[in-house]
Amino acid sequence: MRVGLIGMFCLLLQMVKNFMQHITRREVLIAAVLASICVYWFSYSFTPEMGFMIGMSIAILNNSEHYDGDVEERFAW
């Protein structure tokens, strides 16, 4: 972890928060992937692939509300 103790603490807090949110939404597969990432970190280090998986988890949580209308209507000024 190249971010120091404060960065590692923030990353672990984000992981726990994401894990809990996925469990409450009943997205068990994504929660299992996050748990396996934490187990992987115990013996190995952080890799770009792990960052990709964490980022995808955050993106799934942030994009929970979908827009069903026309694209031009959504981005019209």
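Attention in this report is confined to the structure presented alongside it. (Residues numbered from 1 in each chain as written. Predicted model: local features only at pLDDT ≥ 70, side-chain atom pairs only at ≥ 80, totals over all residues. Heavy atoms only, no water.)

Side chains that are nonpolar tend, in soluble globular proteins, to be buried together. Counting six residues, the largest nonpolar core consists of Met15, Leu34, Ile37, Trp41, Met50 and Ile54. Looking at this core, the elements that each hand over two or more residues are helix H2 (28-43) and helix H3 (48-62). Counting residues per element, this core draws most heavily on H2, which supplies three residues. (Core = buried A, V, L, I, M, F, W, Y, C linked by side-chain atoms within 4.5 Å. Buried < 20%, exposed > 50% of the residue type's maximum accessible area, 1.4 Å probe, protein only. Helix = DSSP H or I, 4+ residues; strand = E, 2+ residues; numbered from the N terminus.)

With that settled, the discussion passes to a nonpolar patch on the surface. On the surface, a nonpolar cluster with roughly 300 Å² of combined accessible area is contributed by Phe52, Met53 and Met56. Relative to the helices and strands, Met56 resides in helix H3. (Patch = residues over 30% accessible without salt bridge, like charges linked within 9 Å, V, L, I, M, F, W, Y side chains within 5 Å. Areas by Shrake-Rupley, 256 points an atom, 1.4 Å probe, with all protein chains shown as cover. Salt bridge = Lys/Arg side-chain N within 4 Å of Asp/Glu carboxyl O.)

With that settled, the discussion passes to H3. Turn by turn, an α-helix covers 3.6 residues, leaving residues three or four places apart pointing in a common direction. The end-to-end C-alpha distance of H3 is 21 Å, a good match for the 21 Å that 15 residues give at a rise of 1.5 Å each. Taken together, the buried positions of H3 are Met50, Ile54, Ser57 and Leu61. Angularly, the buried residues of H3 cover 55 degrees about the axis, an arc narrow enough to put them on a single face. The outward face of H3, more than 90 degrees from its buried face, is lined by the exposed residues Pro48, Glu49, Phe52 and Asn62. (Expected span 1.5 Å × (residues − 1). Arc of directions from axis to C-beta.)

The quantities given are spatial measurements derived from coordinates; they are silent on function.
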